[in-house]
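# Analysis of the macromolecular model
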Amino acid sequence: MAPKKQLKLNFFDMTCNSAHMGIGMWKNPGDSQNQKASIDYYLWLAKLAEKGKISGIFFADVYGVDDAFPGQMAEQFRAGANCAQLDPIVFVSAMASVTKSVSFGITGSTSYINPFVLARTYSSLDHATKGRVAWNVVTSYSASSAKANGLDAITPHDKRYEKAHEYMDLCYSLWEGSWEDGAEQFNRETGVAYDPTKVHKIHFTGNHHKTSAYGAAHPSPQRTPIIFQAGQSKAGKAFAALNAEAIFVGGSKPSDTAPYVKEIRAAAAANGRDPNHIKVFPQMAPIIGRTLEEAQAKYEKYKSMADWKGGLAKISQYLNFDLSALPPDEPFDVMMIGKSDNSIHAMINAVQRRKDEVVTPKMMGQQMGFCGFGPMPVGTPEMVADVMEDWVNNADIDGFNLAYVSNPESYEDLVELLVPVLQERGLMWKDYLVPGGTYRENLLDTPGHPGVPDGHPAAKFKYDALKTQYGDENGDIVIDRRTTPVEKVEEAASTLAEKMNGLKESVAEVKVGT
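Calculation rules
- Residues numbered from 1 in each chain as written.
- Predicted model: local features only at pLDDT ≥ 70, side-chain atom pairs only at ≥ 80, totals over all residues.
- Heavy atoms only, no water.
- Buried < 20%, exposed > 50% of the residue type's maximum accessible area, 1.4 Å probe, protein only.
- Helix = DSSP H or I, 4+ residues; strand = E, 2+ residues; numbered from the N terminus.
- Pairing = 2+ DSSP bridges.
- Domains from an automatic or database assignment.
- Contact = heavy atoms within 4.5 Å.
- Buried area = accessible area lost by both parts, 1.4 Å probe.
- Salt bridge = Lys/Arg side-chain N within 4 Å of Asp/Glu carboxyl O.
- Polar contact = N/O pair within 3.5 Å; in protein donor to acceptor, adjacent residues only side chain to side chain.
- Core = buried A, V, L, I, M, F, W, Y, C linked by side-chain atoms within 4.5 Å.
- Axes fitted to C-alpha atoms, helices over the stretch in contact; angles between N-to-C directions.

Identification of the protein chain as Luciferase-like domain-containing protein from Cyphellophora europaea is taken from an unreviewed UniProt entry.

Structure, rendered in structure tokens:
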């Protein structure tokens, strides 16, 4: 069967080690984890990604070392997992300077970063990279991150999303509504650098956020960066269906993910958006060899180095359930793990898919320590390409967030061995759709249109759209969100559910591969 679409691939990385990749792989001779404080590592990563025509480099990020359970902190430092955390945003400008087309997605938390500061930072990066920036929007889930940022406890789950909706509106108003097109002139004859009649102050007052400011930077190539998101709870899906242009999802096989993809595209359409303007990326960690035997030998080598205790510490934080308190080799009921404000619902869903299997804490730690719960195809480039083709044809995904096991080997194998096979099959472009273009043009397949498309909520914050409803006599924009019910997230999710009632049957009947 011919592929339905061409895949877009992202390298998946962090500026520390994490359970998303192999924990303990630093023991592999030549592994580069201990070089991740050096700019050289990130320049190598960017150049390699561009050589392989990789769409983007996705930087996950966390705040604070997990220490909710006894011994958790010690195991992570010992294993080199989720510690020694550097800020990924620092490296992106340097990476952009040695590339022209590969893009960069950087995690930023709506719970801890001031929205005006975040808006300025991402505008600056969008200018510096010529429009090659995405914001991975997270609300942050862990108690350690809350305490690191001066709070006594994490904000309740749905309240975090309520605040995030308001946060997005504030950022959109700064990016889209403060500066009109044509404000930047630098006209030597008139003596006008920026036309003050085309720059407008934003007065935004909400239940959780406020600002009174002009957009800090003049319009960047994309204005609003590409919006990445990964929510899979009821509130998270409502947020993603409204805002996300790219979604990072879980699932170990196409049948895990296909219903979610169908649901989120239908939800986007119910919000008046083009469902093709949401791109879905499951995680994959391929292990590739020129022969099957070579690939299997790499798999066994990597697996022998995976640190299951470090993996157990990390997955316990994701689940907000201390698996280390249970006997490591005795089976336990995965359904005893309940969802909470301090847990990642998608991870609980992944674990509970194994409810009919015999599962022990040690097995969970081994799997998390060995690249998590995403697919890990092991084989020749042709075999791995077969797996990817199955995903695109049977789950309607748009690409993969590719996690490495041990670099430089993992990503060099991907670029040198796998990419040519994908290109030959028509599963991947042979060059960027818009070489030197913006992330949005290359991600959404919209050459010549770097800004948010019609239907995206950010488009409603352009000055011409705002001035009739929110403009004052001075030409400023005055937005008051305090009249919005504090149950905004629940209301949005309920409204979305009502819109989708007629779609439930078709979602349930979706045909998926295995």
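Next comes the rest of the account.
## Regarding the pairing of strand 7 (residues 202–205)
Residues I202 and F204 point to one face of strand 7 and are all buried, whereas H203 and T205, pointing to the other face, are not buried. Alignment of strand 7 against strand 8 (residues 210–213), held across four bridges, turns out to be antiparallel. What sits directly across from F204, in strand 8, is T211. Counting the residues in the hairpin turn of strand 7 and strand 8 gives four residues. Sheet topology note: the strand 7/strand 15 (residues 477–480) ladder contains four bridges and is parallel. Paired with I202 across the bridge in strand 15 is I477.

## What to know about the domain arrangement of the protein chain
According to the domain assignment, the protein chain contains domain 1 (8–293 + 375–458) and domain 2 (306–369). The gap between the C-alpha centroids of domain 1 and domain 2 is 26 Å. Across the contact, 31 residues belong to domain 1 and 23 residues belong to domain 2. When domain 1 packs against domain 2, close to 2,200 Å² is buried across both sides, 52% of that on carbon and sulfur atoms. One can count three salt bridges joining domain 1 with domain 2. The partner of K314 in a salt bridge is D66, and the shortest N-O contact between them spans 3.2 Å. Taken together, domain 1 and domain 2 are joined by six residue pairs in polar contact (both at pLDDT 80 or more).

## Some remarks on the nonpolar core
Formed by 110 residues in total, the largest nonpolar core has its most connected members in F11, I57, M95, W135, I397 and F400. Broken down by element, this core gets its largest block of residues, nine residues, from helix 6 (residues 157–177). Counting residues in hydrophobic clusters, the runner-up holds 18 residues, among them L323, I348, V351 and F373.

## Quick look at the sheet that holds strand 15
What the three strands build is an open sheet, ordered 8-7-15; its pairing is mixed. Bordering the open sheet on either side are strand 8 and strand 15, each of which pairs with just one other strand. When strand polarity is set aside, the average angle formed by the axes of neighbouring strands in this sheet is 10°.

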